[in-house]
Amino acid sequence: MYLTFIFYKIDSLNKVIEKFMKTEIKTKVEKLFEGISTPGFMLQKESKAFIEKTINMIDSGELRAAEKINGEWEVNDFVKKAILIYMKSTKANKISVSIDNYFKDDVTSIYFAEKNIGRRLSSTEPSYGFKYFDKVPLKFAHFVDKDFMNLGSRFVPGSIIRIGSFVGKKCVIMPSFINIGAYVGDGTMVDTFSTIGSCAQIGKNCHISGGVGIGGVLEPASAMPVIIEDNVSIQQKIQLPCA
């Protein structure tokens, strides 16, 4: 009984700390958002670091664009505003993704089609991959083997997941696209050619079948994103636009 009381108090304290943290972040985001329409909008070094930290918190699931509170879904508009600030203040750059970024260990054998079939890629050979020009890097650009093992999910080649989106444990992500601000709960499968739009909220143990389009919405920041709750299966090629 005494231990139960202690755990209850600790849980209550953690909730108070979390609420205070979110309030502090919201206040800072709202202040920065006031100037977003200013021509040539840019962030000072300290503010930029704060926004990048906020994006990382969205990426890790600590912050969500919407969450269920006392049985009702509520929009966290400051989360959307942080994403908008990030997009507005970040310049597009050429980003290269090469295979050797992901396969640097000696255990993995890499084989290529066309001219390189049956021949292992050596350190002296050129990198293979792709390039794109964007403001938002990929979620797993800096992941190492241990990070993937800890997450326990599978990411099939062709799955494109932007930073600032959350993917839970034991998920299966087929060739698909998950946009910034999106949340994908534990045990969910996102099937081939599906799109999870910005800030869409997908629950646990869902199946998003092939070709499904889950709409995204960043603006207006107060708009409720598309929400799929736990244990839901969305059949092939269904389109669920935002309201």
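Here's a quick rundown of the structure. Just so it is clear, the structure is predicted and the values come from calculations on it, not from any experiment.

Side note on the overall build of the protein
Across its full length, the protein holds 4 helices and 18 strands. Looking at the protein residue by residue over its 243 residues, the buried ones come to 40%. For the protein, the proportion of contacts with a sequence separation of at least 24, taken over those separated by at least 6, is 46%.

Focus: the pattern of salt bridges
Considering all chains together, one arrives at 8 salt bridges under this definition. E67 is the salt-bridge partner of K22, the closest N and O atoms lying 3.0 Å from each other. Of this pair, K22 sits in helix α1 (residues 2-33) while E67 sits in strand β1 (residues 66-69), and the two are 45 residues apart along the sequence. Owing to a relative accessible area of 15%, K22 belongs among the buried residues under this scheme. Residue classification places E67 among the buried residues on the basis of a relative accessible area of 17%.

Regarding the packing of aromatic side chains
According to the stated counting rule, one finds 6 aromatic pairs in the structure shown. Note that R64 overlies the ring of Y183, its terminal NZ or CZ placed 3.6 Å from the centroid.

Observations concerning the side chain of S209
For S209, the location among the structural elements is in the loop between β14 (207-208) and β15 (213-214). Engagement of the side chain of S209 in a polar contact is seen with the backbone oxygen of I234, the distance being 2.7 Å. With residues near it in sequence (within four places) discarded, S209 still touches D191, S194, I234, Q235 and Q236.

Side note on the sheet that holds strand β9 (residues 177-178)
The 5 strands are arranged β6-β9-β12-β15-β18 in an open sheet whose pairing can be described as parallel. Because the sheet does not close on itself, it has two edges, and the strands there are β6 (160-161) and β18 (239-240). Summarising the sheet, β15 and β18 pair through 2 bridges and their orientation is parallel. Bridged to G213 within β18 is Q239.

Description of the sheet that holds β14
One open sheet accounts for 5 strands, arranged β5-β8-β11-β14-β17; its pairing is parallel. Since the sheet does not close on itself, it has two edges, and those belong to β5 (154-155) and β17 (233-234), each with one partner. Bridging between strand β8 (residues 172-173) and strand β11 (residues 189-190) involves 2 bridges; their strand directions are parallel. Bridging across to β11, I173 finds its partner in V190.

What about the packing of helix α2 (residues 45-60) against helix α3 (residues 77-89)?
Close contact between α2 and α3 brings their axes to 10 Å; oriented N to C, the two are set at 125 degrees. One finds that α2 runs oblique with respect to α3. Handedness of the α2/α3 crossing: left-handed. When α2 is examined against α3, the residues K48, I51, E52, T54, I55 and I58 are found in contact with a partner set consisting of V79, A82, I83, I85, Y86 and S89. Partitioning the contact of α2 with α3 into residue classes produces 8 nonpolar, 2 polar and 2 charged.

Concerning the nonpolar core
Within the largest apolar cluster, 25 residues are counted, with the highest numbers of intra-cluster contacts made by I25, V29, I51, L63, I83, I85 and Y86. Broken down by secondary-structure element, the contributors of at least two residues to this core are α1, α2 and α3. For this core, the element with the most residues is α3, which contributes 7 residues. Excluding anything up to four places from it in sequence, V29 contacts F50, F78, K81, A82 and I85. Within the second largest apolar cluster, 21 residues are counted, among which are L151, I161, V190 and I208.

Rules of the game
Residues numbered from 1 in each chain as written. Predicted model: local features only at pLDDT ≥ 70, side-chain atom pairs only at ≥ 80, totals over all residues. Heavy atoms only, no water. Helix = DSSP H or I, 4+ residues; strand = E, 2+ residues; numbered from the N terminus. Buried < 20%, exposed > 50% of the residue type's maximum accessible area, 1.4 Å probe, protein only. Contact = heavy atoms within 4.5 Å. Salt bridge = Lys/Arg side-chain N within 4 Å of Asp/Glu carboxyl O. Phe/Tyr/Trp six-rings, centres within 6.5 Å; stacked < 30°, edge-to-face > 60°. Lys NZ or Arg CZ within 6 Å of the ring centre and 35° of its normal. Polar contact = N/O pair within 3.5 Å; in protein donor to acceptor, adjacent residues only side chain to side chain. Pairing = 2+ DSSP bridges. Axes fitted to C-alpha atoms, helices over the stretch in contact; angles between N-to-C directions. Parallel < 35°, antiparallel > 145°, perpendicular 65-115°, else oblique. Left-handed = near helix turned anticlockwise from the far one by under 90°. Nonpolar A, V, L, I, M, F, W, Y, C, P; charged D, E, K, R; others polar. Core = buried A, V, L, I, M, F, W, Y, C linked by side-chain atoms within 4.5 Å.

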